[in-house]
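# Remarks on the overall topology
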Amino acid sequence: MSPADTGAPTVRGAAPAVPAVSATVPAIEADSRMTPGGPGYRRMSLALFLAGVATFALLYSTQALLPLISGEFGVAASEASWTVAAATGGLAVFVLPMSALSERFGRRTVMTASLAVAVTVGLLVPFAPSLGTLVALRALQGAALAGLPASAQAYLAEEVRPRALVTAIGLFVAGNSVGGMSGRVITGWIAQEWGWRVAVGVVGVIAVGCAAAFRLLLPTPRHFRPGSLRPRVLASTVRDHLANPLLRRLYAIGALFMTVFGGVYTVIGYRLTEAPFSLPQGIIGSIFLVYLVGTVSASTAGRLVGRLGRRGALYLAGATTAAGLLLSLLGSVVLVLLGLVLITAGFFAGHAVASSAVSRTAAHGRAQASALYQSTYYIGSSVGSTVGALAFRAQGWTGTVGVGLLAVLGVVTITVFGSRAARVAARREPVAAR
């Protein structure tokens, strides 16, 4: 395996390995793929950035509002957290089927349809008469959004040159961070004045604008080749991906990073409304401005991998996340905020590195490879939201931090194991070549 495939450090100054062009795509087309500064690249980047904004704004639109939802429906944090877990769980379940549809009908078609359904449901969410109805609508919304993440990464892998892929995916992930941040900040201040229903309605309207701009801006795919919808073909592709040890490790790393992130941001609102902080809803919503840090760390992930290698970048992301978790235990709101900054920076960097590695590692069925990553990633979010809330109910913020630290330990352990496996494989290759 090459360093890019194994997770071994990249040698500074060396040209990165470029995956072989699929047999179904003529070699001449590989030269016409988009690159930074080239035709269509800016439009593509802005379109997918806006898609990322809409996806995360809708997906986590209730997260900053959980204390208000708990108050209206008279439920605990662990019950209100299902409005987040249902959305991420719906995405996790449907991302693989939606990726299969994108292989047949095209990435842009599926992404457009997914956004259209998701924003329609988003406009219905404010009218939910009960917690059960709200959870059901959120699950439907998550299922609709499932067409975005895997299809977007497959689109980038097909339409962008390999050397620019990490940067391009980092920009899409940066859009996620902006969507998550803006949705929470906007809902926080609006909910303080007019309630959580108006707040999520405003997010729905913003998402409508992002969806329309996305459809107008995204360039027509030039390298897409329709695949098969036959279940046997899909099952074979999924088995191939799951048989790849590197892909399995990347899926687990994405899930564990998201377990930390989902738990922290689901519970943080409850912690900050309680003593000794007792902050109002608008201020709590503004806490999510730290997502801007994630925008920077995700968009610079390519340079981070170039300097430290994929393994080094993952170690740094895990260490940064762990430091933020520990810092958040302290009783000062300034130190809690700094802890959130480190958690957010570490998470988005780790996610961008792992997700781009999936796109480069998969030699075929890229939509399915990305879909499996997204499925495990959002399962991690659902687990983190639920387990983090339960830990908070049992042991307070210390319990939630404990869950996060265990997940970070898992990331480090998997990365160490992958590095060891890469060294063993490297020693065997010269022997096999004799």
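These lines cover the structure that appears in this document, whether it is placed above or below. (Residues numbered from 1 in each chain as written. Predicted model: local features only at pLDDT ≥ 70, side-chain atom pairs only at ≥ 80, totals over all residues. Heavy atoms only, no water.)

## Side note on the environment of Ser32
Our working definition: Helix numbers and strand numbers start at the N terminus; a helix is a DSSP run of H or I with at least 4 residues, a strand a run of E with at least 2. Whether two residues are in contact is decided by their heavy atoms: any pair within 4.5 Å suffices.
Relative to the helices and strands, Ser32 resides in the loop between helix H2 (27-30) and helix H3 (41-59). When the C-alpha positions of Ser32 and Arg222 are compared, they lie 8.9 Å apart, and in sequence the two are 190 residues distant. Each residue touching Ser32, except ones within four places of it in the same chain, is listed here: Arg222 and His223.

## Regarding a nonpolar patch on the surface
To keep it simple, the criterion reads: Patch building starts from residues that exceed 30% relative accessible area and form no salt bridge, then joins like charges within 9 Å and nonpolar side chains (Val, Leu, Ile, Met, Phe, Trp, Tyr) within 5 Å. Per-residue and other accessible areas were derived by the Shrake-Rupley procedure at a 1.4 Å probe size, with only the shown protein chains allowed to occlude residues. Whenever a carboxyl oxygen of Asp or Glu lies within 4 Å of a side-chain nitrogen of Lys or Arg, that contact is scored as a salt bridge.
Side chains of Leu123, Val205 and Val208 sit close together on the surface and give an oily, nonpolar patch of about 230 Å² of accessible area. On the secondary structure map, Leu123 appears in helix H7 (residues 107-124).

## So, H7
For the record, the criterion: In this scheme, a helix's expected span is set at 1.5 Å multiplied by one less than its residue total. Per-residue accessibility, obtained with a 1.4 Å probe over protein chains only, is compared with the maximum for each type, and a residue is labelled buried under 20%, exposed over 50%, and partly exposed between these values. The directions from the helix axis to the C-beta atoms are what the arc is built from.
Under the 1.5 Å per step criterion, the end-to-end length of H7 is 26 Å for 18 residues, consistent within 8% with the ideal 26 Å. Within the sequence span of H7, burial applies to Arg107, Arg108, Val110, Met111, Ser114, Leu115, Ala118, Val119, Val121 and Gly122. Considered in projection along H7, the buried side chains sweep an arc of 165° and stay on one side of the axis.

## Things to note about a positive patch on the surface
Put simply, the rule is: Only four residue types enter the tally: Lys and Arg on the positive side, Asp and Glu on the negative side; His and the chain ends are excluded. To locate a charge, take atom NZ for lysine, CZ for arginine, CG for aspartate or CD for glutamate.
There is a patch of like positive charges on the surface, built from Arg420, Arg423, Arg427 and Arg428. Tracing the backbone through its elements, the reader meets Arg423 in helix H19 (residues 397-433).

## Looking at the side chain of Thr415
Applied cut-off: Polar contacts, as used here, are pairs of N or O atoms within 3.5 Å; protein pairs need one atom able to donate a hydrogen and one able to accept it. Residues neighboring in sequence count only if both atoms are side-chain atoms.
Within the secondary structure, Thr415 sits in helix H19. Only 2.8 Å separates the side chain of Thr415 from the backbone oxygen of Val411, close enough to count as a polar contact. Dropping the residues within four chain positions of it, Thr415 is found in contact with Ile253, Arg311, Leu314 and Tyr315.

## Focus on unusual backbone geometry
Here the amide bond leading from Ala275 into Pro276 is cis, since omega sits at 10°, within 30 degrees of zero. In this fold, Pro276 is placed in the loop between helix H13 (245-273) and helix H14 (281-286). For Ser278, which is not a glycine, the phi torsion comes out positive at approximately 50°. Position of Ser278 relative to the elements: it lies in the loop between H13 and H14.

## Here's the deal with the pattern of salt bridges
Summed over the entire model, instances satisfying the criterion amount to 2 salt bridges. Of the charged contacts, one joins Arg197 and Glu72 as a salt bridge, the two residues approaching to 2.7 Å between their closest N and O atoms. Of this pair, Arg197 sits in helix H11 (residues 196-217) while Glu72 sits in helix H4 (residues 66-73), and the two are 125 residues apart along the sequence. Looking at Arg197, the relative accessible area reads 23%, which means it is partly exposed. Judged by relative accessible area, Glu72 falls into the partly exposed class, the value being 43%. Of the charged contacts, one joins Glu158 and Arg107 as a salt bridge, the two residues approaching to 2.3 Å between their closest N and O atoms. Remark: Arg107 occurs in helix H7 and Glu158 occurs in helix H9 (residues 149-159); sequence separation between them is 51 residues. Residue Glu158 shares its accessibility class with Arg107, and that shared class is buried.

Fair warning: the whole summary comes from geometry, so function is off the table for now.
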